[in-house]
Amino acid sequence: MNENSLELLGAFLEERAALVRALESEAFGLLHGGNDQKGYEEKMREKAALLAALAEDAAPLLEDVDDETADALASRLEAFSRSAANSLRVKSVFYMSALLYPEDYVDGAKNDLENFIDEVRRRA
C-alpha cells in the first residue's frame, strides 16, 4: 500500500470537509442573520454538489492503494456521494442540510465525513 496516497487522500478530504463547514456556516448566517431562505438553499445545494462529486474527485487518489483498502474507502466515498446526489435529485433542502449528520449528532462533534477522515488517517 502506498501510505503517501492515503495521506494525500486525507488532506484532500480535510479540504473538502472544511469547504462543507464553510458552506454550512454561510448558509446558517444567511438564514438566521439575514432571513435569506433562497441564499440558504443555494448554499445547501453547493454543499450537496460538493459531496456528490466526492467519490469521483477522490478516485485518482486511490489508484496506488492496495485493492482491499481502496475498495473499502471507495465504498464509503460512494455512500457519501450517493446520498448527496439523491438529495439533489429529490430537491430536498432538509435532506441536503442533514447530509453527514446522524440523528444523534451533537453540536461541536465531528460529522460523518470528519470521522471518515480520522479512519483514513489511521490507515496511513
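Presented here is a report on the structure given in the accompanying data block.

About the cut-offs
- Residues numbered from 1 in each chain as written.
- Predicted model: local features only at pLDDT ≥ 70, side-chain atom pairs only at ≥ 80, totals over all residues.
- Heavy atoms only, no water.
- Helix = DSSP H or I, 4+ residues; strand = E, 2+ residues; numbered from the N terminus.
- Contact = heavy atoms within 4.5 Å.
- 1 Å grid on protein atoms, 1.4 Å probe; cavity = no way out; pocket = protein on both sides within 12 Å on 5 of 7 lines; lining within 4 Å.
- Points joined across faces, edges and corners; volume = space filled by probe spheres on them.
- Nonpolar A, V, L, I, M, F, W, Y, C, P; charged D, E, K, R; others polar.
- Expected span 1.5 Å × (residues − 1).
- Buried < 20%, exposed > 50% of the residue type's maximum accessible area, 1.4 Å probe, protein only.
- Polar contact = N/O pair within 3.5 Å; in protein donor to acceptor, adjacent residues only side chain to side chain.
- Phe/Tyr/Trp six-rings, centres within 6.5 Å; stacked < 30°, edge-to-face > 60°.
- Core = buried A, V, L, I, M, F, W, Y, C linked by side-chain atoms within 4.5 Å.

As for its position among the elements, Glu24 is in helix 1 (residues 3–34). A sequence separation of 22 residues divides Glu24 from Glu46, and the C-alpha atoms of the two residues are 9.6 Å apart. For Glu24, the contacting residues outside a window of four places in its chain are Met44, Lys47 and Tyr101.

Here the largest pocket defines a volume of roughly 220 Å³. Those elements giving two or more residues to the lining of the largest pocket turn out to be helix 1 and helix 5 (93–98). Classifying every residue of the lining of the largest pocket gives 5 nonpolar, 2 polar and 3 charged.

Moving on to helix 2 (residues 37–52). Taking 1.5 Å per residue as the helical rise, helix 2 with its 16 residues ought to reach 22 Å, and the 22 Å between its terminal C-alpha atoms agrees with that figure. Taken residue by residue, helix 2 has Gly39, Tyr40, Lys43, Met44, Lys47, Ala48, Leu50 and Leu51 as its buried positions. A distance of 3.4 Å separates the backbone nitrogen of Lys38 from a side-chain oxygen at the start of helix 2, and that oxygen is part of Asp36.

What follows covers the packing of aromatic side chains. Summed over the entire model, instances satisfying the criterion amount to 2 aromatic pairs. Geometrically, the ring pair formed by Tyr101 and Tyr105 is edge-to-face, given 4.7 Å between the ring centres and 75° between the ring planes. Given the relative accessible area of 19%, Tyr101 is considered buried.

Its 24 residues give helix 4 (residues 67–90) an end-to-end C-alpha distance of 34 Å, which sits within 8% of 34 Å, the value for a rise of 1.5 Å per residue. Among the residues of helix 4, Thr69, Ala70, Leu73, Leu77, Phe80, Ser81, Ala84 and Ser87 are the ones counted as buried. Just beyond helix 4, the residue with positive phi is Lys91, at close to 55°.

By size, the foremost hydrophobic cluster in this structure holds 33 residues, and its most contacted members are Leu9, Leu13 and Leu113. Counting only elements with at least two residues in this core, the list comes to helix 1, helix 2, helix 3 (54–58), helix 4, helix 5 and helix 6 (112–123). With 9 residues, the top contributor of residues to this core is helix 1. Beyond its immediate chain neighbours, meaning those up to four positions away, Leu113 contacts Leu13, Ala17, Leu51, Leu54, Phe80 and Leu100.

This paragraph deals with the side chain of Lys47. Turning to its location among the elements, Lys47 is positioned in helix 2. Polar contacts involving the side chain of Lys47 include one to the main-chain carbonyl oxygen of Ser97, which spans 3.1 Å. Setting aside residues up to four positions removed in sequence, Lys47 forms contacts with Val20, Leu23, Glu24, Met96, Ser97, Leu99 and Tyr101.

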